[in-house]
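# Geometric and topological summary
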Amino acid sequence: MTSPDTVHFRHNQAILAAAIVAFFGALPVAGARWYLLPVLLVPLAVAVWAWRAGTDADARELRLRALVGQRRIGWERIVELAVDPRGRAVARLDDGQQVTLPAVRAADLPRLVSATGQSLPGAAG
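Read on for a plain summary of the structure. (Residues numbered from 1 in each chain as written. Predicted model: local features only at pLDDT ≥ 70, side-chain atom pairs only at ≥ 80, totals over all residues. Heavy atoms only, no water.)

### Observations concerning the sheet that holds strand S4 (residues 70-74)
One open sheet holds the 4 strands; their spatial order is S1-S2-S3-S4, and the pairing between them is antiparallel. The sheet terminates laterally at strand S1 (7-10) and S4, the two strands that pair on one side only. Here the strands of the sheet are splayed against their neighbours by 15° on average, with no regard to which way each runs. (Pairing = 2+ DSSP bridges. Helix = DSSP H or I, 4+ residues; strand = E, 2+ residues; numbered from the N terminus. Axes fitted to C-alpha atoms, helices over the stretch in contact; angles between N-to-C directions.)

See the structure below:
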């Protein structure tokens, strides 16, 4: 269970809707021959990923969620939050590693920083 101070970032739910439509669209193909049944796994995996993947942030840590796993990174390990050339947020860690934050865009960085209980330098109020 997450605390009320946790900020959640998720991918657009239109991806989930498209995966559900693709699943039902693939049913006739998968039903035609038994060896085509694995075709249904692709939209199913996309639907689970769209529902689950993202970033959760609170005052203690970042939690990066993927299709099957998650990674927790404490704020004390994060040296810098930045934006890559594609507009995605990345965290640079104290060991030099750069981690892309799932579902976090450049415009979301102020909300991400506010989850720490701190404010951005130069921010009003």
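### Points about the sheet that holds strand S6 (residues 88-93)
With antiparallel pairing, 3 strands are arranged side by side in an open sheet as S5-S6-S7. Looking along the sheet, the strands with just one partner apiece sit at the ends: strand S5 (78-83) and strand S7 (98-105). When strand polarity is set aside, the average angle formed by the axes of neighbouring strands in this sheet is 25°. Pairing analysis gives 5 bridges linking S5 to S6, with the strands arranged antiparallel.

### As for the side chain of Arg52
Tracing the chain through its elements places Arg52 in helix H2 (residues 41-52). Despite being buried, Arg52 has no salt bridge partner; Asp56 is the closest side chain of opposite charge, sitting 7.6 Å away. Within the local environment of Arg52, its side chain forms a polar contact with the backbone oxygen of Leu67, the two atoms lying 3.4 Å apart. At 3.2 Å, the side chain of Arg52 and the backbone oxygen of Gly69 are in polar contact. With residues up to four places along the chain from it excluded, the contact list for Arg52 reads Arg10, Arg65, Ala66, Leu67, Val68, Gly69 and Gln70. (Buried < 20%, exposed > 50% of the residue type's maximum accessible area, 1.4 Å probe, protein only. Lys, Arg positive; Asp, Glu negative; His and termini not counted. Salt bridge = Lys/Arg side-chain N within 4 Å of Asp/Glu carboxyl O. Polar contact = N/O pair within 3.5 Å; in protein donor to acceptor, adjacent residues only side chain to side chain. Contact = heavy atoms within 4.5 Å.)

### A word on the nonpolar core
Membership of the largest hydrophobic core comes to 18 residues, with the highest contact counts inside it found for Leu62, Ile78, Leu101 and Leu112. Elements represented by at least two residues in this core include exactly S1, strand S3 (61-65), S6, S7 and helix H3 (109-114). Residues within four places of Leu62 in sequence aside, it is in contact with Thr55, Asp56, Ala57, Arg71, Arg72, Ile73, Trp75, Ile78, Leu101 and Leu112. (Core = buried A, V, L, I, M, F, W, Y, C linked by side-chain atoms within 4.5 Å.)

### Re the side chain of Asp84
With respect to the element layout, Asp84 can be found in the loop between S5 and S6. Taking relative accessible area as the criterion, Asp84 reaches 13% and is therefore assigned buried. Among the polar contacts made by the side chain of Asp84, one reaches the main-chain amide nitrogen of Arg88 at a distance of 2.8 Å.

### Some thoughts on helix H1 (residues 14-32)
A rise of 1.5 Å per residue sets the reference length of H1, with its 19 residues, at 27 Å; its end C-alpha atoms lie 28 Å apart and thus fit the reference within 8%. The largest bend in H1 is about 35°, located at Ala26, with the proline Pro28 one to four residues further on. The elements touched by buried residues of H1 are H2. (Expected span 1.5 Å × (residues − 1). Bend = angle between axes of the 7 residues up to and from the residue.)

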